[in-house]
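Chain and residue survey
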Amino acid sequence: MIPVIATTNSATNVEADAIVLGVEQDRPLRGSTAAVDAATNGLISRLIAQGEISAKRLSLTSLLAPAGIKAAQVVIVGLGQPSGDDGALAYKSAAAAAKLLAAKPRKSVAFFLDVGPKSLAIAGALNGCVGQDLYRAEKKITPFEQILWADVDERSLREGSILGHAIQDTRRWINEPANQIFPESLAAECVRLGKTCGFEVEVWDEKRLKQERCGALLAVSAGSDQPPCLVIMRYRGGPNSRAPLGLVGKGVTFDSGGLSLKTSESMVDMKCDMAGAATVMGAMQAIALLKLPTNVVGLIGCVENMVSGRSFKLGDVLTARNGRTIEVLNTDAEGRLVLADVLDVARQEKCSHLVDLATLTGACVVALGRYVAGVMTNNQAWCDRVLAAARQAGEDAWQLPMFADFDDHIKSDVADIKNIGDGRWGGAITAAKFLEQFVGDTPWTHIDIAGPSFLERPLAWVDAGASGALVRTLVRLVAELGAES
């Protein structure tokens, strides 16, 4: 775990391997950046005038051994022009600078960034210096031994550290290969979290799942030698009389597609199909350590979708926990079957509101691209709260419609519903319409994170692989709900 330490030293004499400064577009230098400019006889100003340093958003310039200051390296981050997305800029600007500096081992890096919420910037710095190369002998990205942060209060320092490490853990769980993270090991991680963070954990094994009539989830797991499980994490930070918020995650630890077998190209990253579960786990970790004053229940359904003589088949009819019958027309549309039963268990927990997260459909990526989460709901007021939390946390999410006409697309001739829609059109919405069958009247928002949760290529502010998307949003949402209690 990388320690984050507050420092009051000036940028010109701080004892660190490197310092990070920011410059704004069409604005004069200020604060620590102005101080370093003065100490280096106007070096930064001259390089800006010559076009060598850009203030364009997330541009990076590295200066080596500038005379007049103690640090051997200065990284200058372009902050662009002030806008309404301070959360996104705070996280990404710190992360981008950290990622650049993490290309080689460093003992300490000091950040003098005056941008957006400091807690988000600290979380970004912690994640910029961590990559997906968990098993490389020679790391491409090397975490710093410590991070120093200037002009930060203790609350922001604590919140940023907790949030940043929770996102790191979320990314690690997703990046781990399927021979390391499988249903039982993921459940064991939840048990460990409960002990270290202070919340109750209940694990339903295969026997209990059968007793609970979780026929949809069990069908998905039937082809695997890894037994399924369902994990319930209960955090009680508010009064017992207050109904909890339910956070539900899809935990398909590997998805071969089942008998509707994926191609090798499509299957290679399917260790990431448990990103929804990992996101819920990371959020629960941060919520508990921050001691947010409300009640939250996190539920994840953990399965492998594999191929064997026991695999569920096209044309099978399943009975979900709530009694709905489901015709299976594609075994690669398995995540919604898992969530169907987990959402019904969440209703049993008497949750006041529900949010589910899942790498559910490629259709959502087609609709919104790789970096935007799709949001669908049965309650507009609740969806507005979720979207507001995403904006404040600096994460991109966009609402898709849930018109009643889409209900017809999942009607079956032989069962109550079928697990795919009619043809390829509106696939993200028909998947959400399927899930809607299992939430009843509970205000519910579904977030499809198939795009932003796992990146095919590195970005300026994050390595390829797991991004930890939406952990910040969930924590912000719970914090807002807690502030109302």
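Just above, that's the structure.
Structure report, in brief. Quick caveat, the model's predicted, so the values are computed rather than measured.

So, about the pairing of strand 8 (residues 229-236). By the criterion of burial, strand 8 is predominantly enclosed, with seven of the eight residues buried. Bridge analysis of strand 7 (residues 200-204) against strand 8 gives five bridges, and the strand direction is antiparallel. When the bridges of strand 8 are listed, W204 appears paired with L230.

On to the layout of surface pockets, then. The volume enclosed by the largest pocket comes to roughly 1100 Å³. Looking at the largest pocket, it is lined by 42 residues, and the ones nearest its centre are L360, T361, G362, A363 and V365. Within the residue set of the lining of the largest pocket, elements represented by two or more residues are strand 9 (245-255), helix 9 (264-267), helix 11 (335-348), helix 12 (362-368) and helix 14 (427-436). A per-element tally of the lining of the largest pocket places helix 12 first, with six residues. For the lining of the largest pocket, the per-class residue count stands at 16 nonpolar, 13 polar and 13 charged. In this model, the second largest pocket occupies a volume close to 560 Å³. Around the second largest pocket, the lining is made up of 28 residues, and of these K92, Y371, G394, E395 and D396 lie nearest the centre. Sorting the residues of the lining of the second largest pocket by element identifies helix 3 (86-101), helix 13 (380-393) and strand 15 (397-399) as the ones contributing at least two each. Grouping the constituent residues of the lining of the second largest pocket by class yields 16 nonpolar, four polar and eight charged.

Tracing the chain through its elements places R106 in the loop between helix 3 and strand 5 (108-111). Polar side-chain contacts of R106 include one of 3.2 Å to the side chain of Q73. Once you skip the residues sitting within four places of it in the chain, R106 turns out to touch D17, Q73, L101, P143, F144 and E145.

Quick notes on the rules
Residues numbered from 1 in each chain as written. Predicted model: local features only at pLDDT ≥ 70, side-chain atom pairs only at ≥ 80, totals over all residues. Heavy atoms only, no water. Buried < 20%, exposed > 50% of the residue type's maximum accessible area, 1.4 Å probe, protein only. Helix = DSSP H or I, 4+ residues; strand = E, 2+ residues; numbered from the N terminus. Pairing = 2+ DSSP bridges. 1 Å grid on protein atoms, 1.4 Å probe; cavity = no way out; pocket = protein on both sides within 12 Å on 5 of 7 lines; lining within 4 Å. Points joined across faces, edges and corners; volume = space filled by probe spheres on them. Nonpolar A, V, L, I, M, F, W, Y, C, P; charged D, E, K, R; others polar. Polar contact = N/O pair within 3.5 Å; in protein donor to acceptor, adjacent residues only side chain to side chain. Contact = heavy atoms within 4.5 Å.

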